[in-house]
Amino acid sequence: MRIHVTGGAGFLGRHIVPLLRGRHQVDASDRAQMDVTNYEAVCDTLRAARPEIVIHLAALCGAQPSRESPVEFYQVNTQGAVNVLEACRRVGVPRFILASSMTVFGAGDEAMTEESPFAPRHPYAVTKVAAELALRNYGRCFGIAGHILRPTLVVGEGYKEPHAVGDFVETGLSGRDITLFGDGSHRRDFIHPEDVARAFAASVERLATLPPGAVESFNFSTGEAPSMVELAELVISLAGHGRRVLGPRSEQSFSLYTRIDRARELLGWQPRIRTADIVTRLLTHHQKASAA
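Report follows, based on the coordinates.

About the criteria used
- Residues numbered from 1 in each chain as written.
- Predicted model: local features only at pLDDT ≥ 70, side-chain atom pairs only at ≥ 80, totals over all residues.
- Heavy atoms only, no water.
- Helix = DSSP H or I, 4+ residues; strand = E, 2+ residues; numbered from the N terminus.
- Rg over C-alpha atoms; globule rule 2.2 N^0.38 Å.
- Contact = heavy atoms within 4.5 Å.
- Areas by Shrake-Rupley, 256 points an atom, 1.4 Å probe, with all protein chains shown as cover.
- Core = buried A, V, L, I, M, F, W, Y, C linked by side-chain atoms within 4.5 Å.
- Buried < 20%, exposed > 50% of the residue type's maximum accessible area, 1.4 Å probe, protein only.
- Polar contact = N/O pair within 3.5 Å; in protein donor to acceptor, adjacent residues only side chain to side chain.
- Arc of directions from axis to C-beta.
- Salt bridge = Lys/Arg side-chain N within 4 Å of Asp/Glu carboxyl O.
- Axes fitted to C-alpha atoms, helices over the stretch in contact; angles between N-to-C directions.
- Parallel < 35°, antiparallel > 145°, perpendicular 65-115°, else oblique.
- Left-handed = near helix turned anticlockwise from the far one by under 90°.
- Nonpolar A, V, L, I, M, F, W, Y, C, P; charged D, E, K, R; others polar.
- Phe/Tyr/Trp six-rings, centres within 6.5 Å; stacked < 30°, edge-to-face > 60°.
- Lys NZ or Arg CZ within 6 Å of the ring centre and 35° of its normal.

**Quick look at the overall build of the protein chain**
The number of helices and strands found in the protein chain is ten helices and ten strands. Its C-alpha atoms give the protein chain a radius of gyration of 19 Å, within 12% of the compact-globule value 19 Å for 292 residues. Each of the three principal axes of the protein chain carries a C-alpha extent, and together these read 55 × 40 × 40 Å. Pairs at least 24 residues apart make up 81% of the contacts formed inside the protein chain by residues separated by at least 6 positions. For the protein chain, the accessible area works out to roughly 12,700 Å², and carbon and sulfur atoms hold 50% of it.

If you want it as structure tokens, here you go:
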């Protein structure tokens, strides 16, 4: 199939695009080539590419950056998604895959499912909720078939967005204490970008079989949800040294993790890289970078 990927040069795009190119005719754009806030530019790009599926990755990321620049996040993540959807309608692209986020669910002590209620905690999460609703509306009103893919926190070598795994690894390797927020009982889950790329590839195959207007959503993770105590102990064990200490509670002292039953059942997708593997890869990556 002919596929166009927006944001193809980003962290996820660098894993998704090469994998898809092994099976499909894929072209990609980044911000320098196509600004998603420029509707006419988006139309021109898609008109030239004539894809059968658009995979929309282009977005600004980060909870704290979204609090600092909410207008920019709404312009890029929400209006940008609407611009790409409308360009698909105008040009005649029948299928659309949206990269969303587990942050749309906010927080909870139980594992989230695809039907869990939205409870966004920051502007970034709200922009993703709005983009999801826009896709569902374009399915209902204009017949675009779509998938909403919600990877949990993506953790891999060369990451840019701050996260607990990277922080624990860097802290542990430096010999400093790993400080946990509160008692460290709150749980998070993670996913490696290679498994995210495989999820998108599986999504492409299923989406091609959906009738016009059908929109499905899928959550993705390792299928594991360690507490912060367990994560710190894992890092210390694999690093071979370090210790954890408890600190004051913060706004990060909440649980957010998911079930992945639907992705397993309908997409035939299974995570291959577990939490311990992610930590091991990050340890090796940081050690090599330090030695270089």
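**Regarding the nonpolar core**
Ile3, Leu20, Ile55, Ile97, Phe200, Phe220 and Trp269 are the most contacted members of the largest nonpolar core, which totals 31 residues. Leaving out residues up to four positions away in the same chain, tryptophan 269 has contacts with Ile191, Asp195, Arg198, Ala199, Phe220, Ser221, Ile260, Ala263 and Arg264.

**Some details on the side chain of histidine 147**
Within the secondary structure, histidine 147 sits in strand S5 (residues 145–151). Here glutamate 216 takes part through its side chain, which lies 2.8 Å from a polar atom of the side chain of histidine 147. Each residue touching histidine 147, except ones within four places of it in the same chain, is listed here: Phe96, Ile97, Leu98, Leu135, Ser203, Arg206, Leu207, Leu210, Glu216, Phe218 and Leu267.

**Considering helix H1 (residues 13–21)**
Taken together, the buried positions of H1 are Gly13, Ile16, Val17 and Leu20. What you see down the axis of H1 is that its buried residues fit within an arc of 95°, all on one side. Those residues of H1 that are buried are in contact with strand S1 (2–6), strand S2 (25–29), strand S3 (53–56) and helix H7 (193–207).

**Considering the side chain of histidine 286**
Looking at the secondary structure, you find histidine 286 in helix H10 (residues 275–291). Residue classification places histidine 286 among the buried positions, given a relative accessible area of 17%.

**Observations concerning the pattern of salt bridges**
A complete count under the given rule lists 15 salt bridges for this structure. Between glutamate 52 and arginine 2 there is a salt bridge, with its nearest N and O atoms 3.8 Å apart. Placement of the pair is glutamate 52 in the loop between helix H2 (39–49) and S3 and arginine 2 in strand S1, with a sequence separation of 50 residues. The exposure class assigned to glutamate 52 is partly exposed, which follows from its relative accessible area of 25%. Through salt bridges with shared partners, one network takes in Glu157, Glu194 and Arg281.

**Details of the packing of helix H6 (residues 164–174) against helix H8 (residues 228–239)**
The interhelical angle for the contact between H6 and H8, taken along N-to-C directions, is 40°, at an axis separation of 10 Å. In terms of their interaxial angle, H6 and H8 are classed as oblique. Considering how the two elements wind past one another, H6 and H8 form a crossing that is right-handed. Within the contact between the two elements, H6 uses Ala164, Val165, Phe168 and Val169 and H8 uses Met228, Leu231, Ala232 and Val235. In terms of residue class, the contact of H6 with H8 is made up of eight nonpolar, no polar and no charged.

**Observations regarding the packing of H6 against H10**
A pair of packed helices can be characterised by two numbers: the angle between their axes and the separation between those axes. Between H6 and H10, the shortest axis-to-axis distance is 10 Å and the interhelical angle comes to 50°. In terms of axis orientation, H6 runs oblique to H10. Crossing of H6 against H10: the hand is right-handed. Here Val165, Gly166, Val169, Glu170 and Leu173 of H6 come into contact with H10, specifically with Ile278, Val279, Leu282, Leu283, His286 and Gln287. A class-by-class count of the residues in the contact of H6 with H10 yields seven nonpolar, three polar and one charged.

**Observations concerning the packing of aromatic side chains**
If you walk through the whole model with that rule in mind, you get four aromatic pairs. Between the aromatic rings of phenylalanine 220 and tryptophan 269, the centroid separation amounts to 5.0 Å while the plane-to-plane angle is 85°, which identifies the pairing as edge-to-face. Taken together, the positions of phenylalanine 220 in strand S9 (residues 215–220) and tryptophan 269 in the loop between helix H9 (261–267) and H10 put the pair 49 residues apart, joining distant regions of the chain. Considered together, phenylalanine 220 and tryptophan 269 belong to a single accessibility category, that of buried residues. Above the ring of phenylalanine 254, the side-chain terminus of arginine 121 is found at 3.9 Å from the ring centroid. Sitting over the ring of phenylalanine 254, arginine 188 keeps its end group 4.0 Å from the ring centre.

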